[in-house]
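Listed below are the residues making up each chain.
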Amino acid sequence: MKQERAMIVVGAGEAGTAAAVALRQGGWPGRVILIGSEATLPYERPPLSKGLLTEGEDSGPKFLITAQRLTELAIDYLAGVNVLSIDRATNTVSLQGGELLAYERLLLATGARPRTLGVPVDPECRMVTLRTYADAVAIRQTLRPGCGVVVIGGGFIGLEVAASAVSRGASVTVLEAGPRLLMRAVPASIAERIKAKHLDAGVRIELDATVAGIEAVEEQSLVSLADGRSFPADLVLVGVGAVPNVELAQAAGLAIEKGIAASDTLATSDPDIFTAGDCCSFPHRLYGERMRLEVWRNAWQQGAIAAANMLGLGSAYESVPWFWSDQYDETLQIAGIYSNSDAAINRDLGDKGQICFYLAPDGRLVAACGFGSLATISKDIRIAETMIGRRIRPDADALANPAIAIKSLAS
Amino acid sequence: MTKIGEWVEVCTSDAIAPEEAMRFSHGERSFAIIRSLEGNFFAIDGHCSHEKVHLADGIVDGNIIECPKHFGTFDYRTGEARALPACVDLRRYEIKVDSNVVFIKI
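Keep in mind it's a predicted model, so treat the numbers as computed, not measured. (Residues numbered from 1 in each chain as written. Chains lettered and ligands numbered in written order. Predicted model: local features only at pLDDT ≥ 70, side-chain atom pairs only at ≥ 80, totals over all residues. Heavy atoms only, no water.)

### With respect to the domain arrangement of chain A
Residues and elements named next belong to chain A. Test applied: Here the bounds of each domain stem from an automatic or database domain assignment. Contacts are assigned to residue pairs that have any heavy atoms within 4.5 Å of one another. Two parts placed together each lose some accessible area; with a 1.4 Å probe, that loss summed over both constitutes the buried area.
Here the domain parsing of chain A yields domain 1 (6-113 + 243-310), domain 2 (116-240) and domain 3 (329-409). Relative to domain 3, the C-alpha centre of domain 1 lies at a distance of 32 Å. Domain 1 puts 6 residues into the contact, and the matching count from domain 3 is 8 residues. Together domain 1 and domain 3 conceal approximately 560 Å² of surface at their shared face, both sides included; 54% is due to carbon and sulfur atoms. If you sort the residues of domain 1 by the area they bury against domain 3, L286, Y287 and R297 come out on top, with a joint share of 81%.

### Some words on the pattern of salt bridges
All names here are of chain A. Let me state the cut-off plainly: When a carboxyl oxygen of Asp or Glu is within 4 Å of a side-chain nitrogen of Lys or Arg, the pair counts as a salt bridge. Helix and strand definitions follow DSSP, with helices as H or I runs of at least four residues and strands as E runs of at least two, each counted in order from the N terminus.
Inspection of every chain in the model, using the stated rule, returns 31 salt bridges over all chains. The salt bridge partner of D278 is R131, with a shortest N-O separation of 3.0 Å. Remark: R131 occurs in the loop between β8 (127-128) and α4 (133-142) and D278 occurs in the loop between β18 (273-275) and β19 (280-284); sequence separation between them is 147 residues. Each of R204, E206, D227 and R229 takes part in salt bridges that share partners, so that together they form one network.

### Considerations on α4 of chain A
Short version of the rule: Under the scheme applied here, a residue whose accessible area is under 20% of the maximum for its type counts as buried, over 50% as exposed, and between as partly exposed, the area being computed with a 1.4 Å probe on protein chains only.
Within α4 of chain A, the full set of buried residues consists of Y133, A136, V137, I139, R140 and T142 of chain A. Next to the buried residues of α4 of chain A lie α2 (51-54), β8 and β15 (235-238) of chain A.

### Overview of the interface of chain A and chain B
Where interface size is given, it is often the accessible area lost as the parts come together that is meant. Rules: Counted as a polar contact is a pair of N or O atoms within 3.5 Å, where, for protein atoms, one must be capable of donating a hydrogen and the other of accepting one, and residues adjacent in sequence contribute only when both atoms are in side chains.
At the junction of the two partners, chain A supplies 18 residues and chain B supplies 17 residues. Between chain A and chain B lies a buried interface of about 1,400 Å² when both sides are counted; carbon and sulfur atoms form 57% of it. For the pair chain A and chain B, the interface holds 4 salt bridges. We note a salt bridge from E20 of chain B to K407 of chain A, for which the minimum N-O separation is 3.5 Å. Seen at the junction of chain A and chain B, the total is 7 residue pairs in polar contact (both at pLDDT 80 or more).

### Let's talk about the layout of surface pockets
Condition: A pocket, in this scheme, is an open set of points on a 1 Å grid over the protein atoms alone with protein on both sides within 12 Å along at least 5 of 7 lines, while a cavity is a set where a 1.4 Å probe fits but cannot get out; residues line either one if an atom lies within 4 Å of a point. Grid points are joined across faces, edges and corners, and a volume is the space filled by probe spheres set on the points.
The space that makes up the second largest pocket amounts to roughly 790 Å³. Lining the second largest pocket are 25 residues, with V21 and L64 of chain A together with L84, P85 and C87 of chain B positioned closest to its centre. Sorting the residues of the lining of the second largest pocket by element identifies α1 (14-25) and α8 (296-310) of chain A as the ones contributing at least two each. In terms of residues, the lining of the second largest pocket owes the most to one element, α1 of chain A, which gives 6 residues.

### Things to note about the UniProt feature "domain: Reductase C-terminal" (unreviewed entry) in chain A
Applied cut-off: UniProt positions are given in the numbering used here, feature names are shortened, and annotations may be inferred rather than shown by experiment.
The UniProt record marks residues 322-410 of chain A with the feature "domain: Reductase C-terminal" (unreviewed entry), using the residue numbering of this structure. The span residues 322-410 of chain A is 24% helical and 38% strand by assignment, and the distance between its end C-alpha atoms comes to 18 Å.

### Considerations on the UniProt feature "domain: FAD/NAD(P)-binding" (unreviewed entry) in chain A
When the UniProt feature table is mapped onto this chain numbering, "domain: FAD/NAD(P)-binding" (unreviewed entry) sits at residues 7-303 of chain A. Secondary structure over residues 7-303 of chain A splits into 24% helix and 29% strand, and the C-alpha atoms at its two ends are 13 Å apart.

### What about empty space enclosed by the protein?
A probe as big as a water molecule, rolled over the atoms, marks out the empty space that is left. The cut-off we apply is this: Amino acid classes used here: Ala, Val, Leu, Ile, Met, Phe, Trp, Tyr, Cys and Pro are nonpolar; Asp, Glu, Lys and Arg are charged; the rest, including Gly, are polar.
Considering all chains together, one arrives at 1 cavity of 30 Å³ or more under this definition. Considered as a void within the structure, the largest cavity measures approximately 50 Å³ in volume. Every residue lining the largest cavity is listed: W322, Q333, S378, K379 and R382 of chain A together with D57, G58, I59, E66, P68 and F71 of chain B. If one sorts the elements of the lining of the largest cavity by residue count, helix α9 (residues 374-389) of chain A sits on top with 3 residues. Grouping the constituent residues of the lining of the largest cavity by class yields 4 nonpolar, 3 polar and 4 charged.

### Some points on the side chain of T275 of chain A
All names here are of chain A. Topologically, T275 is positioned in strand β18. For T275, a relative accessible area of 0% puts it in the buried group. Among the polar contacts made by the side chain of T275, one reaches the main-chain carbonyl oxygen of L108 at a distance of 2.9 Å. Ignoring sequence-local partners within four residues, the contact set of T275 consists of L107, L108, I260, A262, L266, T268, C280 and A306.

### Observations regarding the nonpolar core
Generally speaking, nonpolar side chains in soluble globular proteins are found buried as a group. Our working rule: Among buried residues, those of type Ala, Val, Leu, Ile, Met, Phe, Trp, Tyr and Cys that are joined through side-chain atoms within 4.5 Å constitute a nonpolar core.
Judged by nonpolar contacts, the single largest core of 107 residues is most densely connected at L107, V149, V172, V186, L332 and F357 of chain A. A6, L95, L248 and C279 of chain A belong to the second largest nonpolar core, which has 21 residues in total.

### Comments concerning the pairing of β19 of chain A
All names here are of chain A. Our working rule: Think of it this way: DSSP has to see at least two bridges between two strands before they count as a pair.
Of all 5 residues in β19, 4 are buried; the element is thus mostly enclosed. Of the pairings in the sheet, the one linking strand β17 (residues 260-261) to β19 comprises 2 bridges and is parallel in character. Counted as the bridge partner of I260 is C280 from β19. Remark: 4 residues form the turn of the hairpin made by β19 and strand β20 (residues 289-292), two consecutive strands paired antiparallel; G288 in that turn has positive phi of roughly 60°.

### Details of the sheet that holds strand β2 (residues 20-26) of chain B
All names here are of chain B. Spatially, β2-β3-β4-β9 is the arrangement adopted by the 4 strands of the open sheet, whose pairing is antiparallel. Taken across any chain shown, the strands that pair with only one partner, and hence form the sheet edges, are β2 and β9 (92-93). Pairing of strand β3 (residues 29-35) with strand β4 (residues 41-45), which is carried by 5 bridges, proceeds in the antiparallel orientation. Its bridge partner lying in β4, I33 is registered against A43.

### Some remarks on the environment of R23 of chain B
All names here are of chain B. Inspection of the secondary structure puts R23 in strand β2. Each C-alpha atom, one on R23 and one on D45, is 9.9 Å from the other, the two residues being 22 residues apart in sequence. Here R23 is in contact with S30, F31, H54, A56 and D57, once residues within four sequence places are set aside. Polar side-chain contacts of R23 include one of 3.0 Å to the side chain of D57.

Quick look at the structure:
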């Protein structure tokens, strides 16, 4: 007997879980199967570098959905299961353990994994990356007052862990290969503010610091730089970016470009297979280029859009990219994407923070990056986000003037 | 000490512009006081039911207030959670305006 074809979602992170729920809520009458490689309920990753490391007790992962809700929605959740291959001729996926599942439509929400360092590392070293709850628990167990932590990479993960570790009393050094922190992510003036917060908290920051290798020396790890300096650590955290998990798609012959290549409806080169989240590259209408985003909001929004299109609704993904990071008691929020050809307009809010707006050569607002307290920046970034989506061309002098409300420039 | 169900003064009615929200704390508790575009006042629990983020810092649009951090939304007239990641409803509180002074019943 022919097996009933299901909606199958591979990957139970934000994107996959949002998609599974949306498939059911969108009216799919048949089976919805959500397959996750970790043996827990789907959980939120943002707290792993923040609250989960700093809170007094480990309260466990913050689940995206309860077991009861999965049952109510009749979503078959396969936890701790790896998908080995996709057979596009028969519309089946093969699971670790040999089981074959037939799909009507398939969503690949396989995420990304931490990039490796690419230098010699002694296997005895206590070197970790941060992606999963298990990673966070391992880091948490090492953090105690006086312990030495070396963070390799002055990006968001590295800086969030640095902030969490120093708040737990660890002695923290951040090694960044570039000339400043967050080189590709935020403007220099905001990077300076973030750096100042870390220095105030007692984090040591070394720029232009190229790591040459890590060796185990007695109970510690010794991180050596190309310039000959070395830094001992009880724990080495590597946060040097992530690479998309494209192997399953690639082995099935799907188009790969910066990630699993999708159209703006998130369909891959096979119309029965969709992709969403960190692994997905897609053409963005607002920016006229193919991009891949490793951000929380994009993941669940794309999951929902992919699900709608798996059900044949044909909606394009054109949400403005949006990102946040917590650094101590302040927040960074970025809406949109900017490049070197865009004009930077700074709105200085004094001690409370700043917002940097970016105007394309045609005057269109394309990005806004704010740092400060949530109360100071969040409303204006949210309004800027809607302005970016509506291709508004605001006056540059007005953007720079804190006395003029951003809301008044929104139409 | 405040008794349950007591009316507590919040602010004057011109302190909140239409389609804006204000944080109001009383003792250990915190509330979001919202003024609709039409000028009516509403009150709900101050912190989002998803994470401890104050909703008064979020934007007000129609009948909705949106969490400034993760975009969960609530109908501020009822406290009902309307968009993920918010899925637990908030409490709503009665509001009255007397001689241009806003009161909350807590």
